[in-house]
Protein chains: 4
Amino acid sequence: MSIAVIYGGTRENGNTEILTEHAIKGFQVERIYLKDFNILPIEDLRHDQEGFKEVHDNYNSIIKRLLTHDTIIFSTPIYWFGMTGQMKNFIDRWSQTFRDSKFPNFKNQMSSKSAFLIAVGGDNPQIKGLPLIQQFQYIFDFAGISFEGYVLGEGNKPGEILNDKKALHFANKLLND
Amino acid sequence: MSIAVIYGGTRENGNTEILTEHAIKGFQVERIYLKDFNILPIEDLRHDQEGFKEVHDNYNSIIKRLLTHDTIIFSTPIYWFGMTGQMKNFIDRWSQTFRDSKFPNFKNQMSSKSAFLIAVGGDNPQIKGLPLIQQFQYIFDFAGISFEGYVLGEGNKPGEILNDKKALHFANKLLND
Amino acid sequence: MSIAVIYGGTRENGNTEILTEHAIKGFQVERIYLKDFNILPIEDLRHDQEGFKEVHDNYNSIIKRLLTHDTIIFSTPIYWFGMTGQMKNFIDRWSQTFRDSKFPNFKNQMSSKSAFLIAVGGDNPQIKGLPLIQQFQYIFDFAGISFEGYVLGEGNKPGEILNDKKALHFANKLLND
Amino acid sequence: MSIAVIYGGTRENGNTEILTEHAIKGFQVERIYLKDFNILPIEDLRHDQEGFKEVHDNYNSIIKRLLTHDTIIFSTPIYWFGMTGQMKNFIDRWSQTFRDSKFPNFKNQMSSKSAFLIAVGGDNPQIKGLPLIQQFQYIFDFAGISFEGYVLGEGNKPGEILNDKKALHFANKLLND
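Residues numbered from 1 in each chain as written. Chains lettered and ligands numbered in written order. Predicted model: local features only at pLDDT ≥ 70, side-chain atom pairs only at ≥ 80, totals over all residues. Heavy atoms only, no water.

As recorded by an unreviewed UniProt entry, chain A carries the name Flavodoxin family protein and is attributed to Salinibacillus xinjiangensis.

Laid out in structure tokens, this is it:
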């Protein structure tokens with residue numbers, strides 16, 4: 001198992017990161033912090049005669065790193081009951097990559113991958129995080145990715161996730177069982 | 001009724017815009033196209049000693065325009081089974097505005113507003129758009145906004161929404177009944 | 001189009017029935033009122049050596065009527081944010097029919113059918129009825145039935161659905177467009 | 001903590017029961033197996049001049065037992081992506097009890113209770129069980145019950161839940177942390 005973690009949060013050592021680090025303890029992983037990169041929103045040119053334009057940002061370099069792993073952990077704080085805008089912009093861009101001649105096997109490559117989701121929110125995430133889980137199921141189905149499991153944790157202030165013993169416990173098991 | 005439409009799409013005259021224009025026909029509205037503005041992702045500094053930093057982009061000017069209306073229509077194509085990254089970044093920033101001394105009444109002002117959601121997707125939006133509806137319900141609940149109704153339409157290629165007679169029909173009634 | 005309506009409600013001329021009658025106006029339909037029949041809960045004997053036992057109630061006769069139609073409208077008041085217990089008992093029993101030698105082609109026959117859902121509730125059904133829609137999508141997917149559309153209406157006291165102009169309007173279009 | 005388990009399944013020692021027994025190990029609980037009782041579907045007479053009629057079945061006796069506990073565990077196999085018809089009939093009847101002079105404090109009594117949900121299904125319950133979770137959230141919200149947690153387990157054939165180590169593990173923690 002070769003693992004990439006895509007971090008969608010904007011805080012250093014945030015609750016989502018703490019929970020994720022519990023999950024990946026003992027595994028070798030590549031950590032990708034989206035906040036450290038410039039990722040532009042997609043411009044939907046699927047139906048434009050000239051197709052998508054080349055975009056000058058860090059997105060493609062992240063995709064290249066991602067594609068070297070067989071397992072992806074999407075790790076995002078829950079902002080407004082969804083993934084962060086940065087993570088959403090990152091995923092939105094896949095629509096371009098599916099049509100990008102620089103990534104001719106993108107769809108095939110993605111459809112051989114497994115994914116996990118780790119999300120932490122401050123407002124009843126066990127319930128109000130469920131639409132996010134359902135959205136990711138649709139995302140993974142569409143891309144052919146196998147959705148292997150998720151953890152929802154509760155936390156607001158820095159470090160509060162450490163009080164959510166169940167989430168920590170479950171994170172410890174996420175990749176193991 | 002004073003209406004602002006927040007357009008989250010990235011295409012001119014896209015399917016979502018066509019459907020929305022059916023809904024607002026005959027009403028005076030202010031149209032805000034997020035794609036025409038620079039809106040940076042939030043940096044979550046809620047728990048930082050110095051709080052949020054001033055951000056130099058177009059976000060505040062859009063909020064000022066929004067606050068002059070009592071009704072907001074969120075109008076977004078469905079990208080990857082959610083709102084566009086741009087619209088998500090726009091909403092994520094509300095967390096900063098809630099704490100911004102330049103907008104001391106933001107929470108009160110928002111909680112007097114009504115909202116509608118119009119979303120168009122190409123992959124079974126009547127079902128796969130439901131997590132998005134549920135997410136917006138949580139968003140509006142949190143902000144105290146009254147969720148007055150939604151339309152989900154189906155369309156992929158430019159203009160295809162015109163084949164979704166039910167969605168057009170329903171859009172025509174959205175603000176009227 | 002040959003249509004059966006499965007009524008799950010327990011009231012004569014209830015709001016769900018009124019809304020459904022709007023949807024089927026002008027169509028010839030067979031109405032099946034579950035409340036008029038004795039339908040026992042399933043006893044899960046899938047894994048029992050002797051399999052399911054014959055059940056002496058009205059269930060099989062309803063299934064026979066159902067199978068003569070190509071389109072099924074499931075019409076249920078929303079009780080406790082789901083279909084009525086009677087309708088659930090009716091659907092639960094399908095698990096037996098899938099294994100019943102008296103219905104050797106049940107799965108094939110069901111998988112050629114189209115279905116609609118009409119549901120009326122008193123507590124914000126446009127939002128709180130969505131898990132019911134998602135459940136029916138899974139039910140229809142499992143049985144191979146094509147889910148053609150749904151209407152959620154609001155009403156509590158007898159006749160109140162007549163105030164939900166949008167639902168009535170949408171019901172009128174449900175089978176037509 | 002005084003606990004009642006409401007078992008909605010129809011099989012002895014089914015997967016849901018096995019998982020639940022892991023959760024309640026070491027606790028004193030009262031087990032109520034709905035399959036052993038006669039519970040008639042509700043007849044919705046809320047708006048009838050004479051109101052609800054007395055029903056001659058075992059429902060009231062179960063409610064009386066339930067009311068003596070402060071914590072209720074709803075434990076149901078997932079049939080057709082929802083709770084069993086029997087459990088639904090049991091919950092549907094609450095609408096009558098809310099108006100039953102024999103239970104004048106039912107609403108108050110219910111609103112002081114805590115609840116857990118344990119559900120086991122054979123078809124991707126971690127995803128396809130989510131609408132059931134959302135439905136129970138609405139049920140508990142309406143009744144004023146505090147929703148303390150849930151476990152979704154996977155199993156089909158007798159005993160298969162024992163292979164879902166994560167669910168067993170999580171069940172062990174459900175009442176403890």
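1. Some remarks on the nonpolar core
Put simply, the rule reads: Residues enter a nonpolar core if they are buried and are Ala, Val, Leu, Ile, Met, Phe, Trp, Tyr or Cys, with the set joined through side-chain atoms within 4.5 Å. To sort residues, take the accessible area from a 1.4 Å probe on protein chains only and compare it with the maximum for the residue type: under 20% means buried, over 50% means exposed, and anything in between is partly exposed. Here a residue-residue contact requires only that any non-hydrogen atoms of the pair lie within 4.5 Å.
Counting 156 residues, the largest nonpolar core has Trp94 of chain A, Trp94 of chain B, Trp94 of chain C together with Trp94 of chain D as the members making the most contacts within it. Apart from residues no more than four positions distant in its own chain, Trp94 of chain A is found in contact with Tyr59, Ile63, Phe74, Phe106, Met110, Ile139, Ala143 and Ile145 of chain A together with Trp80 of chain B.

2. Remarks on the pairing of strand β1 (residues 3-7) of chain D
In the case of a regular strand, side chains alternate between the two sheet surfaces. Residue and element names in this part refer to chain D. Put simply, the rule is: Helix and strand definitions follow DSSP, with helices as H or I runs of at least four residues and strands as E runs of at least two, each counted in order from the N terminus. By this definition, two strands are paired if DSSP reports at least two bridges between them.
Taken across its five residues, β1 has five buried, putting it largely inside the fold. What you see with β1 is no split at all: Ile3, Val5 and Tyr7 on one side and Ala4 and Ile6 on the other are buried throughout. Where β1 and strand β2 (residues 29-33) come together, five bridges link them in parallel fashion. Following the sheet pairing, Ile6 is matched in β2 by Ile32. In terms of strand pairing, β1 meets strand β3 (residues 71-77) through five bridges, oriented parallel. Each residue of the ladder has a partner; that of Ile6, found in β3, is Phe74.

3. Details of the environment of Leu132 of chain D
All names here are of chain D. Considering the arrangement of structural elements, one finds Leu132 in helix α7 (residues 130-143). Between the C-alpha atom of Leu132 and that of Phe81, which follows or precedes it by 51 residues, the distance is 7.1 Å. Those residues in contact with Leu132 that sit more than four places away from it in its chain are Thr76, Ile78, Phe81, Gly82, Met83 and Ala119.

4. A word on the UniProt feature "domain: NADPH-dependent FMN reductase-like" (unreviewed entry) in chain A
Applicable threshold: UniProt positions are given in the numbering used here, feature names are shortened, and annotations may be inferred rather than shown by experiment.
Here the UniProt feature "domain: NADPH-dependent FMN reductase-like" (unreviewed entry) sits at residues 1-123 of chain A. When the span residues 1-123 of chain A is considered, its composition is 29% helix and 20% strand, and the gap between its end C-alpha atoms is 33 Å.

5. Observations concerning the sheet that holds β1 of chain D
Residues and elements named next belong to chain D. Let me state the cut-off plainly: Fitted lines through C-alpha atoms give the axes, limited to the stretch in contact for helices. The angle between two N-to-C directions lies from 0 to 180 degrees.
Taken in spatial order, the five strands of this open sheet run β2-β1-β3-β4-β5, and their pairing is parallel. Edge positions in the sheet fall to β2 and β5 (146-154), since each of these pairs with one other strand and no more. For this sheet, the mean inter-axis angle between neighbouring strands, taken without regard to orientation, is 15°. Contacting β1 and β3, helix α3 (residues 85-92) runs over the sheet at an angle of about 145° to β3. Relative to the sheet, helix α8 (residues 165-174) contacts β4 (114-121) and β5, its axis offset from that of β5 by approximately 160°.

6. Let's talk about the interface of chain B and chain C
Under the convention used in this document: Throughout, the accessible surface (probe 1.4 Å) given up by two parts as they are put together, summed over both, is called the buried area. Any Lys or Arg side-chain nitrogen found within 4 Å of a carboxyl oxygen on Asp or Glu counts as a salt bridge. For the purposes of these results, a polar contact is taken to be a pair of N or O atoms within 3.5 Å, where, inside protein, one atom must be able to donate a hydrogen and its partner to accept one; residues adjacent in sequence count only when each atom of the pair is a side-chain atom. Residues are grouped as follows: Ala, Val, Leu, Ile, Met, Phe, Trp, Tyr, Cys and Pro are nonpolar; Asp, Glu, Lys and Arg are charged; all remaining types, including Gly, are polar.
Of the residues lining the interface, 19 residues belong to chain B; the matching set on chain C comes to 19 residues. Between chain B and chain C the total buried area reaches about 1600 Å² when both faces are included, carbon and sulfur atoms providing 64% of it. The interface formed by chain B and chain C holds zero salt bridges in total. Applying the counting rule to chain B against chain C returns five residue pairs in polar contact (both at pLDDT 80 or more). Within the residue set of the side of chain B that touches chain C, elements represented by two or more residues are α6 (125-128), α7 (130-143), β5 (146-154) and α8 (165-174) of chain B. The leading source of residues in the side of chain B that touches chain C is α8 of chain B, at six residues. Residues of the side of chain B that touches chain C, tallied by class, amount to nine nonpolar, five polar and five charged.

7. Structural notes on the sheet that holds strand β5 (residues 146-154) of chain A
Residue and element names in this part refer to chain A. Pairing in this open sheet of five strands is parallel, and the strands run β2-β1-β3-β4-β5 from one edge to the other. The sheet is open, and its two borders are formed by β2 (29-33) and β5, each paired with just one other strand. Between one strand and the next, the sheet's axes are offset by a mean angle of 15°, whatever the strand orientation.

8. What to know about the layout of surface pockets
Rules: Each cavity reported here is a set of points on a 1 Å grid over the protein atoms alone in which a 1.4 Å probe fits but cannot get out, each pocket an open set with protein on both sides within 12 Å along at least five of seven lines, and each lining residue one with an atom within 4 Å of a point. Grid points are joined across faces, edges and corners, and a volume is the space filled by probe spheres set on the points.
The computed volume of the largest pocket comes to approximately 1000 Å³. If you go around the largest pocket, you meet 39 residues; those closest to its centre are Tyr150 and Phe170 of chain A together with Gln126, Tyr150 and Phe170 of chain D. The set of elements that each furnish at least two residues to the lining of the largest pocket consists of α6 (125-128), β5 and α8 (165-174) of chain A together with α6 (125-128), β5 and α8 of chain D. In terms of residue class, the lining of the largest pocket is built from 17 nonpolar, eleven polar and eleven charged.

9. Remarks on helix α2 (residues 59-67) of chain B
Residue and element names in this part refer to chain B. How we decide: Read the arc as the range of directions from the helix axis to the C-beta atoms.
Here α2 has its buried residues at Tyr59, Asn60, Ile62, Ile63, Leu66 and Leu67. Mapping the buried residues of α2 onto a view down its axis gives an arc of 160°, with all of them on the same face. Contacts made by the buried residues of α2 are with β1 (3-7), β2 (29-33), β3 (71-77), α3 (85-92), α4 (94-97) and α5 (106-110).

10. Considering the relation of the copies chain B and chain C
Here is the rule: Least squares is the method used to superpose the copies, on C-alpha atoms of residues holding a pLDDT of at least 70 in both.
Rotating chain B by 180° and moving it 0.0 Å along the rotation axis overlays it on chain C with an RMSD of 0.0 Å. The superposition of one copy onto the other is thereby described by a two-fold rotation axis. Interface overlap between copies: 100% of the residues of chain B at the interface are likewise at the interface in chain C, consistent with a symmetric, same-surface contact.

11. Digging into unusual backbone geometry
Note: most peptide bonds trans; most residues except glycine with negative phi. All names here are of chain A. The backbone of Phe81 sits at a positive phi, close to 65°, despite the residue not being glycine. You can see Phe81 is positioned in the loop between β3 (71-77) and α3 (85-92). A relative accessible area of 8% means that Phe81 is categorised as buried.

12. So, the relation of the copies chain A and chain B
Screw-axis analysis of chain A against chain B gives a translation of 0.0 Å along the axis, an RMSD of 0.0 Å, and a rotation angle of 180°. Of all interface residues in chain A, 100% are interface residues in chain B too; the two copies therefore contact each other through one and the same surface.

13. A look at the packing of aromatic side chains
Our working definition: We call Phe, Tyr and Trp rings a pair once their centres come within 6.5 Å, taking the six-membered ring for Trp, and we label the pair stacked below 30 degrees between planes, edge-to-face above 60, and tilted otherwise. Distance and angle both matter: a charge sits over a ring if NZ of Lys or CZ of Arg is within 6 Å of the ring centre and within 35 degrees of the ring normal.
Scanning the model with the defined rule gives 64 aromatic pairs over all chains in all. Ring centres of Phe98 of chain C and Trp80 of chain D lie 5.9 Å apart, and the angle between their planes is 15°; on these two criteria the pair is classed as stacked. Of this pair, Phe98 of chain C sits in the loop between α4 (94-97) and α5 (106-110) while Trp80 of chain D is found in the loop between β3 and α3, placing the two residues in two different chains. Residue classification places Phe98 of chain C among the partly exposed positions, given a relative accessible area of 21%. The ring of Phe142 of chain A is capped by Lys107 of chain A, whose NZ or CZ atom sits 5.5 Å from the centre of that ring.

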